[in-house]
Amino acid sequence: MPPSKDLHAFKKVLSASKNIIVVAGAGLSAASGIPTFRGSGGMWRKYDAMSLATPESFAENPSLVWQFYHYRRESALKASPNAAHVALSSFTIPKVRERIAPGSDFTLITQNVDGLSPRSNEQVFAQAGVTVPDTPPYLIEMHGRLFDIKCTQCDHVEFDTSSPICEALAGTEALVEKKELDANIPIENLPRCRKCGSLARPGVVWFGEVPHDMPVIDKLVEKADLCLVIGTSSAVYPAAGYAAEVADNGGTVAVFNFERTPGDEDVDFLFLGGCEEWLPKALS
Ligand code: BV8
Ligand code: ZN
């Protein structure tokens with residue numbers, strides 16, 4: 001039977017759910033002006049991020065990879081959370097959620113590294129004058145964070161929103177816009193670890209690397225009775241497999257996406273259009 005588009009029916013299921021997870025992707029930040037990877041303005045189409053977002057390409061050409069990440073840091077710093085981020089942040093507040101889904105636990109598992117969900121949480125929690133307990137975790141950035149700077153030698157990781165992250169990268173985002181990634185920044189001028197001075201890398205999870213908090217995520221997915229899949233092409237694993245796991249365990253799956261995505265004909269609810277339009281209605 002085709003997925004339901006009935007928001008009323010969705011909200012009834014939501015009100016009876018006890019272990020709610022969201023799996024979010026780049027579409028969550030699209031309305032904030034952050035290009036998605038595979039969409040029309042998709043940045044990865046331009047720079048084939050599959051080749052850039054790997055440890056091998058960083059080892060081979062750290063200058064090129066750092067220009068790509070500097071470009072994404074700068075666009076994330078210029079962006080602000082949108083109505084979809086805010087709707088998720090307010091749903092994260094227990095006393096708000098108590099009215100909508102009494103007695104439920106909630107975790108946003110995001111594939112995004114842009115930092116807009118943590119920024120939205122900080123703003124919304126401060127406005128509400130609340131602190132939100134972190135057990136179970138309410139936000140997991142499973143693919144790491146653009147603003148974590150990780151040493152390639154020692155274990156030092158530092159959250160650093162400096163713009164630019166180092167002098168040598170200043171202004172190179174313009175080159176990236178013009179698709180002229182040049183790779184001639186000397187390695188000694190690239191970001192360094194503040195502890196041991198070695199070359200530092202972006203604190204994101206590259207292809208072939210293990211995502212963060214896998215054991216916690218696996219438990220949350222196993223327990224979930226409702227999974228919202230928001231703004232993701234579900235092309236990257238293991239995140240792409242979570243909704244099917246919830247469905248196999250008898251849970252409900254609701255997809256929020258601009259367009260159809262593979263496998264969405266089998267889900268319980270499908271809300272097509274901008275998640276920044278749907279989520280404020282769906283989570284209130
Ligand atoms: C791992 C950080 C082992 C870096 C990212 C099978 C074959 C080949 C390879 C694999 C395989 N299975 C697993 C792998 C390996 C690989 C993988 O999945 N490859 C794919 C290509 C098949 N996976 C890995 O390597 C992962 N590690 O498997 O380790 C392991 C696993 C478990 C336990 C132990 C060991 C690590 C993957 C992490 C890669 N890093 N990001 C960086 O960002 O630079 S991935 C990156 O791409 C994102 O984080 C995200 O995950 C993905 C992008 O996808 P989306 O977010 O969905 O974005 P996209 O543009 O594709 O889609 C946007 C959607 O939004 C669209 O549908 C659009 O319609 C919609 N949209 C747009 N606007 C809106 C909207 N929707 C609503 N409203 C709007 N306004
Ligand atoms: Zn170090």
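As shown above, the structure is provided for reference.
None of the values given here were measured: they were computed from a predicted structure.

A. Examining the sheet that holds strand β5 (residues 157-159) more closely. Spatial ordering of the open sheet is given by β5-β4-β6, a layout of three strands whose pairing is antiparallel. Strands with a single pairing partner mark the edges of an open sheet, and in this sheet they are β5 and β6 (200-204). The average angle at which neighbouring strand axes cross in this sheet is 40 degrees, direction not considered. For strand β4 (residues 144-151) and β5, the ladder comprises three bridges, and the chain directions are antiparallel. What sits directly across from Asp148, in β5, is Phe159. Most of the contacts of helix α6 (residues 62-78) go to β4, to which it runs at about 135 degrees, and overall it touches β4 and β6.

B. Structural detail: the coordination of the zinc ion (ligand 2). Here the zinc ion (ligand 2) is held by the protein donor atoms Cys151 (SG), Cys154 (SG), Cys193 (SG) and Cys196 (SG), which lie 2.2 to 2.3 Å from it. In this structure, the zinc ion (ligand 2) is surrounded by four donor atoms whose angles at the metal cover 100 to 123 degrees, and the resulting shape is tetrahedral. Written as a sequence motif, the donor residues of the zinc ion (ligand 2) are C-x2-C-x38-C-x2-C. Taken together, the residues Cys151 in strand β4 and Cys196 in the loop between α10 (172-177) and β6 connect sequence positions 45 residues apart. Take Cys151: its relative accessible area is 7%, and that puts it in the buried class.

C. Representation of the nonpolar core. Counting 35 residues, the largest nonpolar core has Phe10, Leu88, Leu228, Ile230, Phe256 and Leu279 as the members making the most contacts within it. The residues contacting Leu88, other than those within four sequence positions of it, are Val22, Leu28, Phe106, Leu108, Ile230, Leu279 and Leu283. In this structure, Val65, Phe68, Cys166 and Trp206 belong to the second largest nonpolar core, which totals 25 residues.

D. Highlighting the site of ligand 1. Surveying the vicinity of ligand 1 reveals 39 residues, the closest of which are Arg38, Tyr69, Arg72, Gln111 and Ser233. In this structure, an oxygen atom belonging to ligand 1 sits 2.7 Å away from a main-chain N or O atom of Gly208. Glu276 has a polar side-chain atom sitting 3.0 Å from a nitrogen atom of ligand 1. Compared with its free state, where it exposes 1500 Å², ligand 1 has 78% of that area covered by protein. Among the secondary structure elements, those contributing two or more residues to the shell around ligand 1 are α2 (27-30), α6 and α13 (275-282). Its residues assigned to classes, the shell around ligand 1 comprises 20 nonpolar, 14 polar and five charged.

E. Representation of unusual backbone geometry in the model. Residue Pro136 follows Thr135 across a cis peptide bond; omega there is -10 degrees. Relative to the assigned elements, Pro136 resides in the loop between α9 (116-128) and β3 (139-141). A cis amide bond links Tyr237 to the next residue, Pro238, at an omega of 0 degrees. Note on placement: Pro238 falls in the loop between β7 (226-230) and α12 (242-248). In this structure, Asp213 takes a positive phi of about 55 degrees despite not being glycine.

F. Structural view of the packing of helix α7 (residues 83-92) against α9. Direction vectors running N to C along α7 and α9 enclose 55 degrees, while the axes themselves pass 9 Å from each other. One finds that α7 runs oblique with respect to α9. In this structure, α7 meets α9 at a crossing whose hand is right-handed. Counting all contacts with α7, which are made through His85, Val86, Ser89, Ser90 and Thr92, the residues of α9 involved are Leu116, Ser117, Ser120, Asn121, Val124 and Phe125.

G. Structural context of the side chain of Asn82. With respect to the secondary-structure elements, Asn82 resides in the loop between α6 and α7. Here Ser32 takes part through its side chain, which lies 2.9 Å from a polar atom of the side chain of Asn82. If sequence neighbours within four positions are ignored, Asn82 has contacts with Leu28, Ser29, Ala31, Ser32 and Glu276.

H. Looking closely at the sheet that holds strand β2 (residues 105-110). Ordered by their spatial adjacency, six strands build an open sheet running β3-β2-β1-β7-β8-β9, and the pairing between neighbours is parallel. Pairing within the sheet leaves two strands with one partner each, and these edge strands are β3 and β9 (269-272). Between one strand and the next, the sheet's axes are offset by a mean angle of 15 degrees, whatever the strand orientation.

I. The state of the cysteines, seen in detail. Applying the stated criterion across every chain, the model contains zero disulfides. With no disulfide of its own, Cys166 lies 14 Å from the sulfur of Cys193, the closest cysteine sulfur. With relative accessibility at 12%, the residue Cys166 sits in the buried group.

J. Spatial organisation of the packing of aromatic side chains. With the rule as written, the count across this model stands at twelve aromatic pairs. Judged by centre distance (6.3 Å) and plane angle (65 degrees), the ring pair of Phe147 and Phe159 falls under edge-to-face. Highlighted residues: Phe147 in strand β4 and Phe159 in strand β5, separated in sequence by twelve residues. On the basis of relative accessibility, which here comes to 6%, the residue Phe147 falls in the buried class. A centroid spacing of 6.1 Å and a plane angle of 10 degrees characterise the contact between Phe269 and Phe271, whose relative ring orientation is stacked. Over the aromatic face of Trp278 sits the side chain of Lys281, whose NZ or CZ is 4.8 Å from the ring centroid.

Basis of the calculations
- Residues numbered from 1 in each chain as written.
- Chains lettered and ligands numbered in written order.
- Predicted model: local features only at pLDDT ≥ 70, side-chain atom pairs only at ≥ 80, totals over all residues.
- Heavy atoms only, no water.
- Pairing = 2+ DSSP bridges.
- Helix = DSSP H or I, 4+ residues; strand = E, 2+ residues; numbered from the N terminus.
- Axes fitted to C-alpha atoms, helices over the stretch in contact; angles between N-to-C directions.
- Contact = heavy atoms within 4.5 Å.
- Donors = N, O, S within 2.8 Å, 3.2 Å for Na, K, Ca; no water.
- Tetrahedral: all angles 85-135°; square planar, octahedral: opposite > 155°, others 65-115°.
- Buried < 20%, exposed > 50% of the residue type's maximum accessible area, 1.4 Å probe, protein only.
- Core = buried A, V, L, I, M, F, W, Y, C linked by side-chain atoms within 4.5 Å.
- Near = heavy atom within 4 Å.
- Polar contact = N/O pair within 3.5 Å; in protein donor to acceptor, adjacent residues only side chain to side chain.
- Areas by Shrake-Rupley, 256 points an atom, 1.4 Å probe, with all protein chains shown as cover.
- Nonpolar A, V, L, I, M, F, W, Y, C, P; charged D, E, K, R; others polar.
- Parallel < 35°, antiparallel > 145°, perpendicular 65-115°, else oblique.
- Left-handed = near helix turned anticlockwise from the far one by under 90°.
- Disulfide = S-S within 2.5 Å.
- Phe/Tyr/Trp six-rings, centres within 6.5 Å; stacked < 30°, edge-to-face > 60°.
- Lys NZ or Arg CZ within 6 Å of the ring centre and 35° of its normal.

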